[in-house]
Each structure stands twice: as C-alpha cells, then as structure tokens.
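The lines below spell out each chain.
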Amino acid sequence: MSVTISFNNVIKKYNDKPVISGLSLDIKKGEFFTLLGPSGCGKTTLLRMVAGFNSIEGGEITFDDKVMNRITPQHRNIGMVFQNYAIFPNLSVKNNVAFGLKNRKIPKDEIERRVDHILDVVQISQFKNSMPENLSGGQQQRIALARAIVMEPNVLLMDEPLSNLDAKLRVDMREAIKLIQHEVGITTVYVTHDQEEAMAVSDRIAVMNSGVIQQVGTPREIYQRPANIFVSNFIGRTNIVERSLKKVDNRQVLIMDENYQIDLDDITQYAEEIIKVSIRPEEFTISDTSEGMAGVIQHNVFLGINVHYTVQLSNGENVEVTEESTLGEPLEPGTEVKLLVNKEKINLFHYESEKNILEGDSYAK
Amino acid sequence: MQNKTAGRKDIWSVITLGILLLYALVLVLPLFTLLKESIFKDGALSFEHFGEFFGKKYYYSTLFNSLKVTVAVTLASLVIATPLAYIMTTFKIKGKLYLQILILISSMAPPFIGAYAWILLMGRNGVVTNFLSDVFHITTPDIYGFSGILIVLTLQLIPLIYMFMMGAFKSIDNSLIEAAESMGYTGFKKVWKVIMPLMVPTILAGSLLVFMRALADFGTPMLIGEGFETLPVLIFNEFTSEMGGNAGFAAAISVIVVVIALTIFLLQKFITNKKSFSMSALHPIKEKKESGIKNILAHLFVYGYLALAILPQLYVVYTAFLKTSGRIFVKGYSLDSFKAAFTRSGDTIVHTFTLGLIALFFVILIAILIAYVTVRRRNAITNGLDIISMVPYIVPGSVLGVALLLGFNNKPFLLSGTATIIIIAFVIRRLPYTIRSSAAIIHQISPSIEEAAASLGASNLKTFFKITLPMMLPGVISGAILSWVTIISELSTSILLYTVNTKTMTIGIYTEVIRGNYGVAAALSTILIAITVISLLIFFKLTGRKEVSL
Ligand SMILES: Nc1ncnc2c1ncn2[C@@H]1O[C@H](COP(=O)(O)OP(=O)(O)OP(=O)(O)O)[C@@H](O)[C@H]1O
Ligand SMILES: [Mg+2]
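Per chain, the residues get numbers from 1 upward, laid out in the order the sequence is written. Numbering of ligands from 1 and lettering of chains from A proceed in the order in which they are written. Only residues with pLDDT of at least 70 get local features here, since the model is predicted, and only at 80 or more are side-chain atom pairs given and counted; chain-wide, interface and lining totals rely on the full set of residues. Heavy atoms throughout the structure, all of them, feed into the side-chain values; hydrogens and water do not.

Description of the pairing of strand β2 (residues 17-27) of chain A
Residues and elements named next belong to chain A.
Then, in step 1: The pairing criterion for strands is at least two bridges between them, as found by DSSP. A run of DSSP states H or I qualifies as a helix once it reaches four residues; a run of E qualifies as a strand once it reaches two. Both are numbered from the N-terminal end. Examined bridge by bridge, strand β1 (residues 5-14) and β2 share eight bridges and lie antiparallel to one another. The residue bridging Ile11 from the neighbouring strand is Ser21, located in β2.
Then, in step 2: Counted between consecutive antiparallel strands, the loop separating β1 from β2 contains two residues, among which Asn15 sits at a positive phi close to 50°.

What about a nonpolar patch on the surface?
Residue and element names in this part refer to chain B.
Then, in step 1: Exposure above 30% relative accessible area and the lack of any salt bridge qualify a residue for a patch; like charges then connect within 9 Å, and the nonpolar side chains Val, Leu, Ile, Met, Phe, Trp and Tyr within 5 Å. For every accessible area listed, the method is Shrake-Rupley and the probe measures 1.4 Å; residues are considered covered only by the protein chains on display. When a carboxyl oxygen of Asp or Glu is within 4 Å of a side-chain nitrogen of Lys or Arg, the pair counts as a salt bridge. On the surface, a nonpolar cluster with roughly 440 Å² of combined accessible area is contributed by Leu473, Ile477, Ile534, Ile538 and Leu542.
Then, in step 2: Elements supplying a minimum of two residues to the nonpolar patch: α20 (460-488) and α23 (518-543).
Then, in step 3: A total of three residues in the nonpolar patch trace back to one element, the largest contributor, which is α23.
Then, in step 4: On the secondary structure map, Leu542 appears in helix α23.
Then, in step 5: For Leu542, a relative accessible area of 54% corresponds to the exposed category. Residue exposure (1.4 Å probe, protein chains only): buried if accessible area is under 20% of the type maximum, exposed if over 50%, otherwise partly exposed.

A few points about the nonpolar core
All names here are of chain B.
Then, in step 1: Judged by nonpolar contacts, the single largest core of 177 residues is most densely connected at Phe53, Tyr162, Phe169, Met199 and Ile224.
Then, in step 2: If you tally residues by element for this core, the top one is helix α15 (residues 336-376), at 16 residues.
Then, in step 3: Should any heavy atoms of two residues lie within 4.5 Å, those residues are considered in contact. Non-local contacts of Ile224, meaning those with residues more than four positions away in its chain, are made with Ala115, Trp118, Ile119, Ile143, Tyr144, Gly145, Gly148, Ile149 and Val152. The set of buried Ala, Val, Leu, Ile, Met, Phe, Trp, Tyr and Cys residues whose side-chain atoms join them within 4.5 Å is what this entry labels a nonpolar core.

Overview of the domain arrangement of chain A
Residues and elements named next belong to chain A.
Then, in step 1: According to the domain assignment, chain A consists of domain 1 (5-232) and domain 2 (237-364).
Then, in step 2: The interface of domain 1 with domain 2 comprises ten residues on the first partner and 19 residues on the second.
Then, in step 3: Contact between domain 1 and domain 2 buries roughly 1100 Å² in total, counting both sides, with carbon and sulfur atoms accounting for 42%.
Then, in step 4: Reported buried area values correspond to the accessible surface (1.4 Å probe) lost by two parts on association, with both partners' losses combined. Looking at the side of domain 1 facing domain 2, the largest losses of area belong to Tyr223, Arg225 and Ile229, adding up to 59% of the total buried there.
Then, in step 5: On the surface where domain 1 and domain 2 come into contact, there are zero salt bridges.
Then, in step 6: The term polar contact refers here to a pair of N or O atoms within 3.5 Å; inside protein, the definition further demands a hydrogen-donor-capable atom paired with an acceptor-capable atom, and it admits residues adjacent in sequence only when both atoms are side-chain atoms. One can count nine residue pairs in polar contact (both at pLDDT 80 or more) joining domain 1 with domain 2.
Then, in step 7: Looking at the side of domain 1 that touches domain 2, the elements that each hand over two or more residues are α7 (219-224) and α8 (229-234).
Then, in step 8: Ranked by the residues each element gives to the side of domain 1 that touches domain 2, the list is headed by α7, at four residues. Domain extents, as shown, originate in an automatic or database domain assignment.

Some remarks on the site of ligand 1
All names here are of chain A.
Then, in step 1: Around ligand 1 sit Tyr14, Val19, Ser39, Gly40, Cys41, Gly42, Lys43, Thr44, Thr45, Glu160 and His193, and those are all the residues in its vicinity.
Then, in step 2: Taking Tyr14, its side chain carries an N or O atom lying 3.3 Å from a nitrogen atom of ligand 1.
Then, in step 3: Separating an oxygen atom of ligand 1 from a side-chain N or O atom of Thr44 is a distance of 2.4 Å.
Then, in step 4: For ligand 1, the accessible surface in isolation is 630 Å², of which the surrounding protein chains cover 59%.
Then, in step 5: When residues in the shell around ligand 1 are grouped by element, the largest group, three residues, is from helix α1 (residues 43-51).
Then, in step 6: Here the residues of the shell around ligand 1 sort into three nonpolar, six polar and two charged. Distances are taken per atom, and a residue is near a molecule or strand as soon as one of its heavy atoms is within 4 Å of it. Three categories are distinguished: nonpolar for Ala, Val, Leu, Ile, Met, Phe, Trp, Tyr, Cys and Pro, charged for Asp, Glu, Lys and Arg, and polar for the others, with Gly belonging to the last.

A look at the pairing of β1(A)
Then, in step 1: Bridging between β1(A) and strand β4 (residues 58-63) of chain A involves five bridges; their strand directions are antiparallel. Bridge pairing in β4(A) links A:Phe7 to A:Ile61.

Digging into the side chain of B:Thr74
All names here are of chain B.
Then, in step 1: Position of Thr74 relative to the elements: it lies in helix α4 (residues 57-90).
Then, in step 2: For Thr74, a relative accessible area of 8% puts it in the buried group.
Then, in step 3: Residues contacting Thr74, with those up to four places away along its chain left out, are Ser207, Val210 and Phe211.

Below you can see the structure in the form of structure tokens.
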C-alpha cells in the first residue's frame, strides 16, 4: 500500500513570493522520513503540498510515478496528523476514528473491527465511547494517529504532532509513533524543528533552511558528517573555528595552535589554505599530558553524566567542551588545561562554500 | 487554506455565485432602480427632485431635523452609557446580574413601543401630565416633537453603546490602571487621561451604530414626532401620500439619506483604521466595593437609568390589563383588551410567526453560507459578497422598502403585495448582523479540523455538514434567537410593504395606536414584549451569557 514520493523541481510561491524554488527529493517506500529545519524554513509548506492543501506552482510531486499536482486531498489517500490534533469535537472517539471509513461505504462490522483494532494499537480502547474534550493532549494525539492510519493510507503526514505535549509525554509518544509506524509500514513524512525528536524517530532526515534542502541522510550521517556548516550548527552543538591546513614534510597537518598540530593523513588534495573546523564539545578531551591546545577554564556546569566547560584558548577564542563527569569536583575556573581533538570525528569545511571537505565516512576508515 | 487544486470544482464557488446573483437581484437591482427613479423624470435625466427638496423649507428642514436628532441621540447615549458601563465594570452594584439582563431586554423591546409608552405617560392626556396638572397645577413640557424623540431613542440606544463599552472595559488590563495610579493618576484624571483614550475606538464604533440606528428610525418620530418630521418619516409620507405618492421624490430623499449614512460610515472606518490597536487583558479590571456617597451615587445612577428605560414599557403592559370603555381606559381590570386583540388582530400574530420564522430560516441558511465562504475561501468574489451583504447596514429600512417596491413593481419581478417581498426585506436587513456573528464563530474553528476531514476523504460539502456545521450550531442558535427578536419588532420596511394578508404585530400595534385604540395596542404590545423577553431568556439560558452583540 505504501508508495514512494518524489519531488521534482518543486516550486512554491505565496503571492508571487517564492518560498521553495526548485526542490527535488525522493522518499522511499515505507520510510520514516523527517523534514527538519528552523522555524519558517518551509517544512509545513512542503508537507501541505504533499497533502494537497497547498497548490504547487512548478515542478511535480509524484506518488509511485503518478503525478499528484492536480489531485484533491480527498483523493490522495493520505493520512494526516495535525499539530493541534484537529479532533472533531462533536464526535466520540470511536466516531472520530470511523469518520473516514464511513465515507468509504465499508460494511459496518468491518468498520467496527478495524476501529477496535486500531484503538488497541494506539492503546486508547478504554476511551472508545468518550467525547474528545474529556481526554488529555496525549490521548487526543493518539486518536488523531488512529484516525489517520485506520484508513490504511499510502502516505502518513505529520506536522509537529508532539509540539503541544509536555516533555515527558513527548518522549513517550515519539516512541509510540515510531513503533506504530514500523508495525504498519506506511511511508511517513514527519515535520519537526526539534532535532532530538528527528534523530529519535527517523530513518532518514532532510535538513532544510530557507526552502532549500541542505542535506539528506540518516540521523548518524547528519550528525557525524554534516554536509555544511549550517547543518553542523543546527544538529547538536558544535564549535566552529578557523584554522589553516599546511603541508609539512609531505604530510597534511591542521594547525590548531603553535604547539598543537594534527596529522590528517587522508587528505592530500588541499594544500595550504584556511578552513573552518567543526569540533563538537565531546570531540575534545582534556589532556593528561602536556600535548594539546593551551586554554584556561572559564566556567563549569555539572550536568550529571557530563561536565560542561567553557575554555578560553590562547588566542582568546572560547570553545565548549564536555567531559564525562568523574568523582570529585570539576576543574575550577582559572585552571590551565591542554585540549586534545578526536581527529576522526571532527569535520572540515571549505572556507568559502562552507561545504564539508570530507566525504561520507571516508576519514574514519 | 486556499486550495487551487480543488478550487476548480469546488462546490463553494457555485454557492458563492448563487448567493451573489441573489443579492444582485433583490438588493442591487432595487437600489439601482431607486437611484434611477431619483435622477430621471419623464424619461430624461433631471435633478428636479433634488432641487425641489433643497428648494422648499418644509422639505429641507427634515434634513436638519434628522441630523439634529441623530447627533443629539448619539451624544446623549454616549454621555449616559459611558458612566453606566464604567460603574458596572468597576463598582460592586447590588443585583448586577439581573441589571445586566434588564438592560439588554430594554434594548431589544420594539422601539416604537417606547414611544407609545411615553405618550401614555407624558402625552397630552398622559397619566403623569394629568397628575401633575391636577395636583400641582404644573404644565409639563411638551413630550411631542424633538424632546420626545430624543428621550425615547436615547433610552433605546444606550444599551448598544453600553455593550460595546463593557467589552472594551473588560479588555483593559488592570495593570494599566495600576500603572497609572502608581504614576499619580487617580480619580477623574485617571478615567479621563488613561481609560478614555483606550476606549476611543470602541466609542467610535458604538457611536456609529447608534448614529445609523437613530438616522434610520421610523417608528419613534412617526408616533411621537407630530410636526417634527425626520427623513424616514418624510420618505414614508411622500411615498404613500393619499394624493398619489411621488415615487421619484421619495427616491431622491432616500438617496440623500443613504449618502449621509455612507459618509458617516466611511468617515468612521477611516478614523478607526488610523486609531485602532488591539488589547487583551490577562487580568481584567476587577469590581471594587465602594462605600459612602460614591456608592450611593453609583447605585442611584444605574437604578435610575434602568427605571427610566423600563418603567414606561411596564406601564404599557399594565394598561393592557385595564378595563376599557370604547377607546378610553376606565377603573378596574379585565382581559378584554387581549380578547379584542385576538379577535381583531389575531391574524397579525399568525403573520408575525409565519413570516418571521420563514425569514429566520433563510437568514440563518444564507448567513452561515456567506460567513463560511468569506472566512474560509477568501478571494475577490467572496470579498465582493462580503461587501454587498453589509450594504443594508447603511440603508435605512424605509429606504429599503421604497427600493424594493420600485424594483419589484413590474413583471417579470412583480412582487409588491406578496409575502415574499416582506420576507426578502426581513432577510436582507437582518443578514449583516447574523453574518458577522456566524463569521466570528467560524474564526474560532481551526481550519485543520476541516483539513483533517478532507484528508480522510470527505468531500467539501460532507465536511461542512458533518463537522463544521455541528461545531457552529450552538453559536448559530443563539444568533438565530437574536435575529428572531429583531425581526419580529421590525416596522420601518414592513409598513411600506404590508397588505392585509401580511400585516404583522408591529404594524398592528402601530395602526391601533394611530387609531387611538390604546387597549388593543397595549395588549398587542404586551404579547410582543412577552415573546421578546421569553426568547431572550432562552438565549441567556442557552448561552450562559450575560451580553449580546448585535
Ligand atoms: N499562507 C501563507 N501566505 C504567505 N506566506 C506564507 C503562508 N504560509 C507560510 N508562509 C511563509 O512561508 C515560509 C515558510 O513557512 P512554513 O509555515 O512552511 O514554515 P515552517 O518551516 O513550517 O515553520 P514552523 O517551524 O514555524 O512551523 C514562511 O516564511 C512563511 O512566512
Ligand atoms: Mg510549520
């Protein structure tokens, strides 16, 4: 039942103002695909184009090679879960879930059977006959999910379905959504601006900015090998520093400071130039020896598992460093330290284009 | 929400066009006929009618009369309604809940019953007049003419501004007041420098409403105005004159009235656009229990106003139970007036219900459809529909009556004298208000609810009837009750359009008052007031609200 979704040079304009100009993307059958990006980047716009609620000003969107541009939402066989749940307040839980099925002239007993089954799957059977206004946000969201998937849609679309829930429930619900999606195997397009949520649920993620896709990849790829500076900043925390590449005795080295240089044996094509280096806080280690970049602890924050340090380097730059917490007090502000860099994990970006110099996992090999 | 993909075959575009055509036929066409009649004489373009109007003092003085009444009523209503609303918001007043309801009921009672009541009390032969001259040998000032109109209309229209003001006072955050107090603004200075500036947009909007109503009112000046004629009265007299009504001349006066109304309307729009700001209060102003002279004055003001607004109408109800002999009231009580009312004017009650309910049905149906398309399918056409449907807001009832008669006097649209034309008039006049209230309800429904239904495969119409309409229903029903109350008290249009077969209670009361059958008039008024009060009580019960917005 599920389909592949293709975007071919898709264009969206609001009042002649382009919001998306020529976007191409393929979503695989049965995949849990997430659109991730900052507020206003066009995620909702794109999702609503898939649903048919937004017009398409150029290019085409296809489901399994069938062009959908002119098909109304009613005929796309989609399931949609809204940020505000959009539960029909005048219908009971059961009738909310059965709403679409009744429209399809399916025999009564089959409707009953399917509704019961799906209410079991989302675990709200006990509220079958309740009116929605008496239910909590999480329960309402389960109804919305049940109502969408009971139709066995080709595509399941969700726009920030968890953003109205509290933090704890959000985590529970995202597990539930992931599990249910896997169980029913529907191609799913999920929109969020919460990167942790995206990581937790997605098979693949598209990171968007200003209507342009920055990178498509698995959560691990996006985190470990961000395609450009924007992605590396947007996903997780990172320090971006400008450093130069030098050739020393036929070796490629990255000059971190006058006393600390890193050998980058795999990179040969870049001779001498300034690049941008992205080092995540956990990619630093505080050295036990005298090797490393010199710095002074500015302050520390104890966060349980980790200790978070702000370290001022000798050139005045501040970087963030996390260390696994150890027994005893963290290092006091003013302590002089040396920082080592995990060279396998860091990312290097071209100065001008801000694109990643490393390809895939190549460096780790 | 706009959906071009689906837009092509959208059932809503068909509905929009259908309603637009209907409006073109029953509103635009008559108004154009009116305009044409006013500027053509014997088939040639001529401004003779206007020349005649501005040439004779008898005619153009009505224009001044109307302006005088309208401005005076608007100012007087403001002057009384503002402290009333302020006191009701900030003071602890005994029995506030009931007072609120009474204020509203007093505003919904048919306007000309107020006029009739004041004649009964203060007229040439009124009880108060007679009492004062018999006991104290005082001649009371004449209630007929300008002063009577001013009193009756002001009392009638105060609640309109009052309701606007109450809403606005509620949206002022208490912290603004406290901030002002902390900077040394107290008492009158606080009210004048801090609160009133915040109320300016509300005052303007409320004043406009009162202005329009005062300008358009026909029943009050007709009953109590005597020699003091206003424009609507002149239109009526000229159009229905015994010596062969002069349609062209009546049309010309109508055009003048509409121009005045339109000017004021546009002026108000212009000012509010410049001055508007939005407020919402996290912590609305709380009422305080005052003591001493302040407290006594506040109570006196509120109760005094209410007594003036309600007692005259209650007196009408009282007289309905008096024994009559011929046309005059005599000692003792009886139900004879009611018997007479039922035998002589029973059919007016039936007509009021049949015509009113049929009109109500169409008002609700069309209002819901228009509200839906103007909120959910915004485009050039629905915007046009929005504007057209608001036109009756600035067209007084008498003008609409003349326009309909002129527009539907000939084949193929020969409607004059039918029930249809009265129903059309009721529907057109009530629609703007009902559309507004329905649109407000739709604004509260999230569009994603409808999108959810569409994503589940429901067609546009199915979504509307299964989801949107049921969600709108509670609001629609309460709006319908208010529409009903205003429809049954309509006089200015129906008095031009009625025949024996379509005579309603308001016209019945009016003709009985004119004939001097005060017993029957009082009985009919009592029945009409009773229906109004019962309808409003149902409204309050259903909505749990203590206010209405018209
Ligand atoms: N109906 C509309 N008319 C005009 N502009 C719009 C409309 N809807 C969205 N936009 C604009 O298009 C851009 C993308 O909006 P969109 O709602 O898709 O962002 P988003 O990524 O979903 O953001 P968020 O995370 O805040 O929901 C924004 O700049 C927005 O202002
Ligand atoms: Mg969004």
